[in-house]
Amino acid sequence: MSTLLRLKKINLKYQTGKDNIRVLNNIDLNIRKKETVSVVGESGSGKTSLIMLVGGLEKPTSGKIIFQNQEITSLNEDEVSEIRKKNIGIVFQSFYLIPNYTAVENVALTLELNNFKNPEKEAKILLDRFGLKHRFNNLPSQLSGGEQQRVAIARAIAMKPELILADEPTGNLDTENSTLISNILFKYVKEEGSSLIMVTHDPKLADKAKRKIKIKDGKIK
Amino acid sequence: MEKSNNSSEFNLILKYALKDLSRNYNKISSIIITLFISLFILSAIFTIEDSLKKELNDNAKALLGGDLEIDYNRNQGNLDLLNQVKEFATVSQMIEFSTMLSTTGREKNKSLFTRIKTVDEKYPLYGEVDYEPNDAYERMQREPNTILINDSLSKTLNIKINEQVKVQDQNFTVIGIIKSVPDVSGFVAFGDWALAGKQTLDILKFNGIGSFLNYEYKVKFNSDDDPEQVERKIENIFKNDQKVKLRYPENSASGIKRIINNFSQFLSLVSISAMLIAGIGIANTLLSFINQNNMSIAVRKAVGFYSGNIKILYYLQLFILLFVITVISYGSSFLIVPIADKYLSDGLGLNVYPVFSFLNFLKIFLVGLLVLVIFSIPTISSINQVKASNLFRNVFQNLQFYYSKKSVAVSFIFLSTLILLFTIGSEQPTYSLGYFVAFFACLIVFFLLSKLIIFFLKKFKSSSIVLVKISIKNITQTKSITPITVMSLGLGFTLLLTLALVGTNFQREIAKSIPDIAPDYFFVGIQKGEREKFEQGILSMDKDANIEIVPMVSSGIVKINGVDPNTFIKPDNDSYWVIGSERRSSWVEDIPKDNPIVMGEWWDLSKPNQLQISLDAKVAKDFNIQLGDIFTLNIYGREIDGEVINFREVDYRDLSINFVMLFNPQFAKEIPHEYLATAKFNSDKFDETEMLEVMPSLSMIKIADYLLKVTAVLNKVFIAVTLISAVTIIIGLIVISSAIMVQGKIKEYQNLVFKILGFSKKQIIFSSLIEFIIIFMSVILIATFFAVVGSKFIIENIFELVWQFDFKVLIYLGFSIGLITLILILITNLKYLNPKIYPLIRNQ
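All of these numbers come straight from a predicted model, not from anything done at the bench.

Novice: Outline the sheet that holds strand β9 (residues 211-216) of chain A, listing residues and values.
Specialist: Residue and element names in this part refer to chain A. With mixed pairing, 6 strands are arranged side by side in an open sheet as β6-β7-β8-β3-β9-β10. Each edge of the open sheet is held by one strand with a lone partner, namely β6 (88-91) and β10 (219-220). Of the pairings in the sheet, the one linking β6 to strand β7 (residues 163-167) comprises 4 bridges and is parallel in character. Bridge pairing in β7 places V91 opposite A166.

Shown next as structure tokens:
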């Protein structure tokens, strides 16, 4: 399998008042196509920061990130947005659905952004696949946590991205919903051949990935 | 926790209110700024108005020139009656007249139509005359053919002390310059005038109407006498003299008082507009602030605070803020009194000093409190929507303005109190009430417009362009803030456009050239036998001059349909001046070209022995005169009945010959009369001084000079209007940006998600622009309509100037306002349009 993503000597530092906080320290990481990777570690170890950098939501202090043979760290914000729009889907612990958009509208938005012909129809097919047929026209506030996360996953995979980034996707859910969500996610990456980088505290969920990376004090152990 | 019905709970809330305020004041900076600016304008207007009124009241006797004034108008006083007054009081005689004053001994002499005030040695009975050099005033009383001129006259004709000037055929030596006199009146404030000793009257010739003679006798009571008894005594002496009018100190400077009242009425209404619009801005900013505190409100509820307590917490913060800002803005308003003092002492010779009034402070605080409470009720009530359970569900919730029956009723009561406070206290309550009705009508129209926009846009939801679709979705979504945005922008744009249109109309009036049909000169004081001499004098200098001569007679309206008009026409009537004193009237054979008849027929030739009157249509409307009504006129002491047979549309602003009343020539030609003439020249050969050689008692008014004076006055008013408008415009812009900021803040989360999904910065900004353009285009049309109506009303009814529709100006203003607002959107919203993802996701 060829390499999808390469991180070279990535450093991330923050200035908080007079303090200089080193979040990530000389990270080197390769992710192959269709590979599933779980990232584990204690709170504050730098897990979420790592996938933020991979998703182009933040720039590293130094180092290079190469996605599909293109160095994204040298691109401007709009160029990174363009890559994210087509190739990267992100799932958050807090779902981040647009509160005044219905479930269908939330999913259709990504498709519309990529000029799909029938975005709402495609969105409905996806939601139906995730067991949300009866929730098409509900607003996020009318959905349960598990349902909201299913909508968020549907939105993230709507464009069939090469890479899915998931930050504690089951962190806000009960056991039953956690199992459901993880099954959906892993089933999808297997069927569609996407790569997955998933941050989690849940050891069972972490074990589902082919590779497990542990981060401690900003370094891969 | 129980409800806050005991002092310890209140103390706790107060403690938290102070703590929150000290930590969050930067987040509500736009509330602080708008509140300060609007309260400062209000304070400044109240303070200056109060200071000015106090100055006028304190100096009422000096302004009148005595404890009482006996005004004989153009008739010489009845000496027998006046001598009776002199037995128990001091009487000073003052006679004013207008005539030409010319320079002498220069290569090219210049002349000016000047008001001369002749005074006796007792003048002034109150106050002081400010003049230079030191002995000039005493010399003027002692030495014949000496005169003091005012600063303006000295500058206009470039006359120096000890220079000779000519008045009629007499030479006078200018022995001093007057800075100010205590008895201020219209011409003293704005015109060219001079002061001379009473002996001057004996050496000059006067003609009844053309010299605009005015005989006044000022009376000073003995300090031991009871003023009321003396007043009654004098009233008794003159009770049978029809020609006399008695004036008291409270009537002094009535013209200035009326101007002050009208102007402060206008400024008060502008300032209350600023307050109300600021209120909308405050509501927006407060909503944004409460939305930011959504989480902390939920946490407070979770730990046991009642909604009521949390609301009190916010009201308390506003109350403390208001009190501090009122103190600062009222205190700051005293700083602009010296500026007003400089302006007024230069123009009117009045000096104003800051006057602290607790009542004014209370009134300003009350206005601020009412506006703040009215506009914060729906905002603070939104706290009810925050649920502690939100903390568990992790659902982002935008708070909306919340209206319950109770809050609407309370808002209505407060609003009515505010309207009453402004309406009852104003000079013209009808105008004020009309203004408030118009303001809220605008508000309702903009609310309905927002609903209309939403209704129509819902039909276009299926747009294929994703950015347009998002924009439409944002405008039409349930609980969208489109109505409040449309109302804020609508009122803001209406205010900006109205003031801008008022300003441009003012500018046009100031820059206006002399109307085409206007003559170059007006000539008054041509006696019956001098008509030919006058014509020859003019034609000898310019044979192509266009001369118009009309007869002129002075007459007073004694009765209308047998009733004294003073009993039913009040001084605040727009046309009161017509009955206030004698008016000049004329007669013509044919209908004047620029005075079309709007009702009735021209002269009835079958009734040559009956006086027929053609009346100014506006005067007829103001006095409720019908065709066929009978006017009893006093013409040279004879009372003559005349029938009003037609109404003419008279536009005095065209500067041609215009009269309120015209008589039928068949009847009027036998009345002793003078002539009034105008001349339009085809060359610059006309020389005023040369004309005075031919006719020394002729008075000439050069239209260009007159317009210059009017322009100077307009300029001063324009500066004041521009200043107040500029401040209001700043408030308007702050409000507009606050409305947009609220929307921007609410959309920050949405934009964050858009960015995560791959929207570019350009796309997010473009989507916001589409939204703004849709709203702007709808709002600007309605705002323009309101602004056109509003500015027309202000220009024509308050300032009594000509309003003109200018499409180019409107387009220019609309475009400028749109552009400025757009820049404001980008400046205030950039951080929301392009949110930093990482800190937000990490809840930083």
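Novice: So what about helix α20 (residues 531-541) of chain B? Which residues, and what values?
Specialist: All names here are of chain B. Among the residues making up α20, those that are buried are F534, G537, I538 and M541. Down the axis of α20, the smallest arc covering the buried residues is 90°, so these residues share one side. Exposed positions of α20 whose direction lies more than 90 degrees from the buried face are E532, Q536 and S540. Contact partners of the buried residues in α20: β11 (521-526), β12 (546-560), β19 (674-680) and α24 (688-694).

Novice: Give me the lowdown on a positive patch on the surface, citing residues and values where you can.
Specialist: Residues K13, R22, K214, K216, K219 and K221 of chain A make up a contiguous surface patch of positive charge. As for its position among the elements, K216 of chain A is in strand β9.

Novice: How would you sum up helix α2 (residues 77-87) of chain A? Please name residues and give values.
Specialist: All buried positions along α2 of chain A are accounted for by V80, S81, I83, R84, K85 and N87 of chain A. Near the N-terminus of α2 of chain A, the side chain that reaches the backbone nitrogen of D78 of chain A, with its oxygen 3.1 Å away, is that of N76 of chain A.

Novice: Summarise empty space enclosed by the protein; cite the residues concerned and give the values.
Specialist: Scanning the model with the defined rule gives 7 cavities of 30 Å³ or more in all. There is about 110 Å³ of room inside the second largest cavity. Elements supplying a minimum of two residues to the lining of the second largest cavity: α2, β6 and α5 (145-157) of chain A together with α25 (703-757) of chain B. Examining the composition of the lining of the second largest cavity, we find that 4 residues originate from one element, α2 of chain A, more than from any other. Among the residues making up the lining of the second largest cavity, the classes are represented as 8 nonpolar, 3 polar and 4 charged.

Novice: Please give an account of the packing of helix α3 (residues 103-113) of chain A against helix α4 (residues 119-129) of chain A that cites residues and values.
Specialist: Describing two packed helices takes the angle between their axes plus the distance from one axis to the other. Residues and elements named next belong to chain A. Relative orientation of the contacting elements α3 and α4 amounts to 120°, with a least axis distance of 8 Å. Put simply, α3 runs oblique to α4. Handedness of the crossing formed by α3 with α4: right-handed. Packed against α3, whose contacting residues are A103, V104, E105, V107, A108, L111 and E112, the element α4 presents P119, E120, E122, A123, K124, L126 and L127 at the interface. Class assignment for the residues of the contact of α3 with α4 results in 9 nonpolar, no polar and 5 charged.

Novice: Residues and numbers for the packing of aromatic side chains, please.
Specialist: A full pass over the atoms with the stated rule returns 32 aromatic pairs over all chains. Relative to F523 of chain B, the ring of Y521 of chain B has its centre 5.8 Å away and its plane inclined at 20°; by these criteria the two rings are stacked. Here Y521 of chain B and F523 of chain B have matching classes, each one buried. Each member of the aromatic cluster is reached from another via a ring pair, and the members are F319, F323, Y330, F334, F356, F358, F361 and F365 of chain B. The ring of F88 of chain B has K233 of chain B sitting right over it, with the charged end atom 4.2 Å from the ring centre. Just above the ring of Y101 of chain A sits the side chain of K473 of chain B; from NZ or CZ to the centre is 5.3 Å.

Novice: Describe in detail the environment of H201 of chain A, supporting the description with residues and values.
Specialist: All names here are of chain A. Following the sequence through the fold, H201 ends up in the loop between β8 (195-199) and α7 (203-207). In this structure H201 comes out as partly exposed when scored by relative accessible area, which is 46%. Here the alpha-carbon distance between H201 and G171, two residues 30 residues apart in the chain, equals 8.0 Å. Not counting the four nearest positions on each side in its chain, H201 is found in contact with G41, E42, S43, K47 and E168. For H201, the side chain forms a polar contact with the side chain of E168, separated by 2.5 Å.

Novice: Which residues make up the pairing of strand β4 (residues 62-67) of chain A, and what are the values?
Specialist: All names here are of chain A. The sheet contact formed by β4 and strand β5 (residues 70-71) spans 2 bridges and is antiparallel. Directly across from I66, in β5, lies its bridge partner E71. The antiparallel pairing of β4 with β5 creates a hairpin that spans 2 residues between the two strands, and Q68 there sits at a positive phi of about 50°.

What counts, and where the lines are drawn
Residues numbered from 1 in each chain as written. Chains lettered and ligands numbered in written order. Predicted model: local features only at pLDDT ≥ 70, side-chain atom pairs only at ≥ 80, totals over all residues. Heavy atoms only, no water. Pairing = 2+ DSSP bridges. Helix = DSSP H or I, 4+ residues; strand = E, 2+ residues; numbered from the N terminus. Buried < 20%, exposed > 50% of the residue type's maximum accessible area, 1.4 Å probe, protein only. Arc of directions from axis to C-beta. Contact = heavy atoms within 4.5 Å. Patch = residues over 30% accessible without salt bridge, like charges linked within 9 Å, V, L, I, M, F, W, Y side chains within 5 Å. Areas by Shrake-Rupley, 256 points an atom, 1.4 Å probe, with all protein chains shown as cover. Salt bridge = Lys/Arg side-chain N within 4 Å of Asp/Glu carboxyl O. Lys, Arg positive; Asp, Glu negative; His and termini not counted. Charge placed at Lys NZ, Arg CZ, Asp CG, Glu CD. Polar contact = N/O pair within 3.5 Å; in protein donor to acceptor, adjacent residues only side chain to side chain. 1 Å grid on protein atoms, 1.4 Å probe; cavity = no way out; pocket = protein on both sides within 12 Å on 5 of 7 lines; lining within 4 Å. Points joined across faces, edges and corners; volume = space filled by probe spheres on them. Nonpolar A, V, L, I, M, F, W, Y, C, P; charged D, E, K, R; others polar. Axes fitted to C-alpha atoms, helices over the stretch in contact; angles between N-to-C directions. Parallel < 35°, antiparallel > 145°, perpendicular 65-115°, else oblique. Left-handed = near helix turned anticlockwise from the far one by under 90°. Phe/Tyr/Trp six-rings, centres within 6.5 Å; stacked < 30°, edge-to-face > 60°. Lys NZ or Arg CZ within 6 Å of the ring centre and 35° of its normal.

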